[in-house]
4 protein chains.
Amino acid sequence: MTTRRTFIKQTGVLGTLSILPFTNSPGNVQESAPVKPGSRWSDGSRLIVSISMQFESGGQPDNAESPFPQNIEKGFKDLPAETWYQYGYKEGIPRMLDNWDRLGIKVTSHMVGSAVLNNPQLAKEIVERGHEAAAHGMNWSKQYNLPYEEEKKFIQDGVDAIMQSTGFRPVGYNANWLRRGENTLNILQELGFRYHIDDLSRDEPFIIKVKNEDFAVIPYTLRCNDIQLIAGEHYSTDQFVRQVKMEFDQLYQEAETKRRQLSISFHDRIGGTPQMVNATEQIIRYMQQHKGVSFKRKDEIADLIFKDETAIRE
Amino acid sequence: MTTRRTFIKQTGVLGTLSILPFTNSPGNVQESAPVKPGSRWSDGSRLIVSISMQFESGGQPDNAESPFPQNIEKGFKDLPAETWYQYGYKEGIPRMLDNWDRLGIKVTSHMVGSAVLNNPQLAKEIVERGHEAAAHGMNWSKQYNLPYEEEKKFIQDGVDAIMQSTGFRPVGYNANWLRRGENTLNILQELGFRYHIDDLSRDEPFIIKVKNEDFAVIPYTLRCNDIQLIAGEHYSTDQFVRQVKMEFDQLYQEAETKRRQLSISFHDRIGGTPQMVNATEQIIRYMQQHKGVSFKRKDEIADLIFKDETAIRE
Amino acid sequence: MTTRRTFIKQTGVLGTLSILPFTNSPGNVQESAPVKPGSRWSDGSRLIVSISMQFESGGQPDNAESPFPQNIEKGFKDLPAETWYQYGYKEGIPRMLDNWDRLGIKVTSHMVGSAVLNNPQLAKEIVERGHEAAAHGMNWSKQYNLPYEEEKKFIQDGVDAIMQSTGFRPVGYNANWLRRGENTLNILQELGFRYHIDDLSRDEPFIIKVKNEDFAVIPYTLRCNDIQLIAGEHYSTDQFVRQVKMEFDQLYQEAETKRRQLSISFHDRIGGTPQMVNATEQIIRYMQQHKGVSFKRKDEIADLIFKDETAIRE
Amino acid sequence: MTTRRTFIKQTGVLGTLSILPFTNSPGNVQESAPVKPGSRWSDGSRLIVSISMQFESGGQPDNAESPFPQNIEKGFKDLPAETWYQYGYKEGIPRMLDNWDRLGIKVTSHMVGSAVLNNPQLAKEIVERGHEAAAHGMNWSKQYNLPYEEEKKFIQDGVDAIMQSTGFRPVGYNANWLRRGENTLNILQELGFRYHIDDLSRDEPFIIKVKNEDFAVIPYTLRCNDIQLIAGEHYSTDQFVRQVKMEFDQLYQEAETKRRQLSISFHDRIGGTPQMVNATEQIIRYMQQHKGVSFKRKDEIADLIFKDETAIRE
């Protein structure tokens, strides 16, 4: 069906097709390939690509930010903006799910609780098709300003929504606009989370101590993120392709001697458009032409980093 | 599956291939080609392209939004902005009409009543050259906040302007910035409309019930829309070309197994510039190289979807 | 001196080298070439390109708009913004003048009176090198809200500054941001002007009546204008190249059967940067490859249109 | 080590490989090559490229400007924005330092005092690897509105931070957003500085008198500056590449007969991303293909211009 061409790029490492791009299977840890000399990832990957597919639509508040002029009179619902959000679950997520299957990769989907409850079948399908369900709050409210117990309920409610709809227990967290508060990490630790992504400080995951226990940080980016580039900075989709490829080329080079992770983020109503799914396919197929590139869910990355004695600890 | 490229570059010259790009004739339903196995459109089209040419200029209020600095003192008319709008009907629409002829396609023109009354001859010419006249309100005012009867008059006045100038009775509606109100669909139904476009939720038309009767939704987009991309997001015209082509490529692929519609929207003063008409020609000729692509007016799409038993019903 | 390559582009019109691109000489009317059949310009040009090189820097008010954050405390001069404006006359205009010489073309320079008085030698050089000096107000103030006599003095002071520094008597006018008032055209007529450019409504010049006498409108554009695209819409310089070429290609086609004018505008501190002068050279050399393209000062265009019986009259 | 390909571009100057691109060594004045006839730089360079690598992160105030929505409640720290800044010194500067080594060039790093104190080891490494440490204020506060003695302390504190961490005594200054005050140059002179960069008026350095003594101005640009183009104007990284190359091409041409300098500026958290370091490498390798291009620290440029009798004096 699809053309999956794998070219060997000679990057100083002699190779044959013995190490294939890693595919992810739901729930199973990929059986480890023999560790390559010089490889910085303990599973032998040269560069790990972490893709996010955020599921938020259907859970947004009334009159949430949208491309529409905000001059709507008080008391009236913004009907066109509602339809713009509906696109996220009617077309966007389904299209992206088909694209991940076509490309043979698994992703992490941070799901807002209210979006999950609005579309439990879709949330379940995301998990059934092999992707990770991670938490993204109960709704779009701010959490950083809540007292401890309220913030804990806010997070737990979102977790419950995911669990009851998908059967998957989230171990990773993403706050709205990355804006966690002073208590958030403690709460996550308490609730059994293993990692969070609300950190832009590095191009590789690292371990921190939360209440004296290891907790993983799987960093996020804005510069390879559709809500920042397409919605916020008005990039055309071809600009997105070129910029992410430039990011990849540089990280792939660095990955010869350093542990490197490339993070790309898509949001249902933005990354799920035909033009953006086309862009995404171009980017991923380009990356798949390079030896040693693997696509992992963030829970799998967390597993790897926890077991890695060379991991950065802050 | 396969790359299906069939070159037909015809600018009025007969072609040799058995399935020609569908041209539209005003008023007539295209005689149906034999239904292709797997075709999702009942007329055998693989992908339907719906183009809008909005006719608004000449009907704008004083000091309407424009590229000009808004710091104009109270009591003074914005003379340069007026000339910017005049371009819409002096150069923009005429240039676009010539382009549709050159490309052999028909479009839907949502016409604001006050723009029509300002230029009845131009409105009439749009219809005489085979395009659909659809309604777009009487003027640029908000309608979503009007009481039922006032909103009904607002819509009807716009319909009357179109009918008296063109002889064409509109069956489709587009609200200013898609912003309909709670009563709009009921009013449209009452006034005999058959479809509206103020919905961004899908990439194919669908049927809803309005007062228990079927009503069609022919979805619109912002991401292939000149007022959003060129005027709002400051794309250069070449970005517009690449982005719409990327949209097309993906929808064309999906159209092998799903009913798919590509919507592109132009506004008189924006899409009618030389650089944008050039962009449009590039896009359409690219699409016309692909087998099974047809360009339809929205009233024709509504006809198709009403008769389609497999249509999505919400 | 310059390399002037003229390629014949087969666009359906067979041609020979009998009609060369016209060069402009200061003051002289180009001796007319034999009128080509179908040519819409009375001098046989196929497409006329009108380039503006606005000279404003050095005349701006304190704390004029600039790329600098505007949060400067009251009572302090914006020193870096001053240096940004200085670039306009220290580097910008000189670089553009060299470029026009290299390309063998003449342009129209709308000069703000205060900028001229700040740099009379530069203003004089612009004229000595063959370009037209046109008026652009005495300073950057608004004029549309002034009483008749004040607005007349505002315009006349700017004219006097130009005449005393350059010896050239301006016959054309450009208001700040095109924002003329209700009296402006009457005043211009009274002061002996022959044309103004503050009109975006057409892609060809036209004649209007001002106090019953013919007055020419040489239209301007924002969409091929560096202050709009580069400064306002944040285009990169390569986007500017592609967009103006797309504009040219379409107008060149239309010019086979219609009178067409392409307007491109540059402002000292924006169009005069190395990257923009490079962009400009690319654009103009591209246009110069096409037969029948001539570059004219606006006073020359006004001359042509006044004598043209087929000119549009509004 | 690095692939250093030097192509000879015949630009009218016959040449062999006798004059190589100049590399810079810390502290040493490059032994002068024989002066080329027509060369406008006294060391024989055709075009000098001045690169800035600004080191600011870690020294920013709470809730400093960032890509994050600014609607954060009073009293709360912006934790995600903090991580965005951390990227500047955890990944950005280290990546850029590796890139300069790979390309064999030296740059000027304007360092904010508070950033230096937060990361003295990194500041020291910048100097040890051959780059110039220049001053950029003690912190991100405004200085233009301070009384003389306070502004002097503000500058001196920043100088002290650099000296105690790196051992390097800064001789060049850059104010926050170029915004110096009426006293700044006098203060710099008094404190022993030799040049400042807060001037956009020329494409070559020049000499001014400050309290009757020579002081150099090494001009800066916004149009080849990552904080302006990437952060402010939302360019994609490929646009940055094309625009700077266009700037280079034009200045390289002009440099045949004029003294020309190309200034490019990078800021830790912006220019240090993988996509931007990739962009930078593309640009610099392109420039290195041209004969007579040298990359110099600004203190070296100041040395050159002070000794140049043909320097512009204002």
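Since this is a predicted model, take the numbers as computed values, not measurements.

So, the overall build of chain A
Moving on, step 1. Per the secondary structure count, chain A includes 10 helices and 10 strands.
Moving on, step 2. Within the span of chain A, comprising 314 residues, buried residues form 64% of the whole.
Moving on, step 3. Restricting to contacts in chain A with at least 6 residues of sequence separation, those with at least 24 account for 73%.
Moving on, step 4. Of the roughly 11,300 Å² of accessible surface on chain A, a fraction of 50% belongs to carbon and sulfur atoms.

Thoughts on the interface of chain D and chain A
Accessible area lost on assembly of the parts is the figure often given for the size of an interface.
Moving on, step 1. Contacts between chain D and chain A engage 36 residues on the former and 34 residues on the latter.
Moving on, step 2. The junction of chain D with chain A conceals about 2,900 Å² of combined surface from both sides, 50% of it contributed by carbon and sulfur atoms.
Moving on, step 3. When residues of chain D are sorted by the area they lose upon contact with chain A, D:Leu79, D:Lys90 and D:Gln275 head the list and together hold 19% of the total.
Moving on, step 4. At the junction of chain D with chain A, the criterion picks out 7 salt bridges.
Moving on, step 5. The salt bridge involving D:Asp238 is made with A:Arg242; its shortest N-O contact spans 2.6 Å.
Moving on, step 6. Here chain D is connected to chain A by 21 residue pairs in polar contact (both at pLDDT 80 or more).
Moving on, step 7. Sorting the residues of the side of chain D that touches chain A by element identifies α1 (79-103), α7 (237-254) and α9 (274-288) of chain D as the ones contributing at least two each.
Moving on, step 8. Its residues assigned to classes, the side of chain D that touches chain A shows 15 nonpolar, 11 polar and 10 charged.

Quick look at the packing of aromatic side chains
Residue and element names in this part refer to chain A.
Moving on, step 1. Taken as a whole and assessed by the stated rule, the structure comprises 36 aromatic pairs over all chains.
Moving on, step 2. Ring centres of Phe248 and Tyr286 lie 5.8 Å apart, and the angle between their planes is 75 degrees; this geometry places the pair in the edge-to-face category. Here the residue Phe248 occupies a position in helix α7 (residues 237-254), and Tyr286 occupies one in helix α9 (residues 274-288), the gap between them amounting to 38 residues.
Moving on, step 3. What links up through ring pairs into an aromatic cluster is the set Trp84, Tyr85 and Trp140.
Moving on, step 4. Directly above the aromatic system of Trp41 lies the positively charged group of Arg259, at a separation of 5.9 Å from the ring centroid.

Here we look at unusual backbone geometry
Moving on, step 1. Residue A:Trp177 is not a glycine yet carries a positive backbone phi of 55 degrees.
Moving on, step 2. Within the fold, A:Trp177 resides in the loop between β4 (172-173) and α5 (184-190).
Moving on, step 3. Even without glycine at this site, C:Asn212 takes up a positive phi of about 65 degrees.
Moving on, step 4. By the element assignment, C:Asn212 lies in the loop between β6 (206-210) and β7 (213-217).

Describing the relation of the copies chain A and chain B
Moving on, step 1. Of the two same-sequence chains, chain A is brought onto chain B (RMSD 0.0 Å, axial shift 0.0 Å) by a rotation of 90 degrees. Expressed as an axis order, the relation between the two copies is that of a four-fold axis.
Moving on, step 2. With a heterologous cut-off of 20% or less, the 8% of interface residues of chain A that recur at the interface of chain B puts this contact in the heterologous class.

A closer look at the relation of the copies chain D and chain A
Moving on, step 1. Once turned by 90 degrees and shifted 0.0 Å along the axis, chain D lies on chain A with an RMSD of 0.0 Å.
Moving on, step 2. The share of interface residues of chain D whose copies in chain A are also at the interface is only 8%, consistent with the copies meeting through different surfaces.

A look at the interface of chain A and chain B
Moving on, step 1. Chain A puts 36 residues into the contact, and the matching count from chain B is 34 residues.
Moving on, step 2. Approximately 3,000 Å² of surface area, both sides summed, lies buried where chain A meets chain B, with 50% of it carried by carbon and sulfur atoms.
Moving on, step 3. It is A:Leu79, A:Lys90 and A:Gln275 that lose the most area in chain A upon contact with chain B, and together they represent 18% of the buried surface on that side.
Moving on, step 4. One can count 7 salt bridges joining chain A with chain B.
Moving on, step 5. Between chain A and chain B we count 21 residue pairs in polar contact (both at pLDDT 80 or more) in total.
Moving on, step 6. If you list the elements that add at least two residues to the side of chain A that touches chain B, you get α1 (79-103), α7 and α9 of chain A.
Moving on, step 7. A per-element tally of the side of chain A that touches chain B places α1(A) first, with 10 residues.
Moving on, step 8. Of the residues in the side of chain A that touches chain B, the class split is 15 nonpolar, 11 polar and 10 charged.

Cut-off values and rules
- Here the residue index of a chain counts from 1 through its sequence in written order.
- The naming scheme follows written order: chains are lettered A onward, ligands numbered 1 onward.
- Reporting of local features is limited, given that this is a predicted model, to residues whose pLDDT is at least 70; pairs of side-chain atoms are given and counted only at 80 or more, and all residues count toward the totals for whole chains, interfaces and linings.
- Note: side-chain values were computed over all heavy atoms of the structure, leaving out hydrogens and water.
- We count a stretch as a helix when DSSP gives it H or I for four or more residues in a row; a strand needs E for two or more, and each element gets its number in order from the N terminus.
- Type-normalised accessible area, obtained with a 1.4 Å probe on protein chains alone, sets the label of each residue: buried when under 20%, exposed when over 50%, and partly exposed for intermediate values.
- Residue contacts are counted whenever heavy atoms from the two residues lie within 4.5 Å of one another.
- Accessible areas in this description were obtained via Shrake-Rupley with a 1.4 Å probe; residue shielding takes into account the shown protein chains only.
- Once two parts are joined, some of their accessible surface, as seen by a 1.4 Å probe, is lost; buried area is that loss totalled over both.
- Salt bridge, as used here, is a side-chain nitrogen of Lys or Arg placed within 4 Å of a carboxyl oxygen of Asp or Glu.
- Any pair of N or O atoms that falls within 3.5 Å is considered a polar contact. Within protein, one atom must be able to donate a hydrogen and the other to accept it, and sequence-neighbouring residues count only if both atoms are side-chain atoms.
- Residues are grouped as follows: nonpolar covers Ala, Val, Leu, Ile, Met, Phe, Trp, Tyr, Cys and Pro; charged covers Asp, Glu, Lys and Arg; every other residue, Gly included, is treated as polar.
- A pair of aromatic rings is counted whenever rings of Phe, Tyr or Trp (Trp by its six-membered ring) have centres within 6.5 Å, and the orientation is called stacked for planes under 30 degrees apart, edge-to-face for over 60 and tilted otherwise.
- When the NZ atom of lysine or the CZ atom of arginine is within 6 Å of a ring's centre and also within 35 degrees of its normal, the charge is said to sit over that ring.
- In superposing the copies, a least-squares fit is computed on C-alpha atoms, taking residues whose pLDDT is at least 70 in both.

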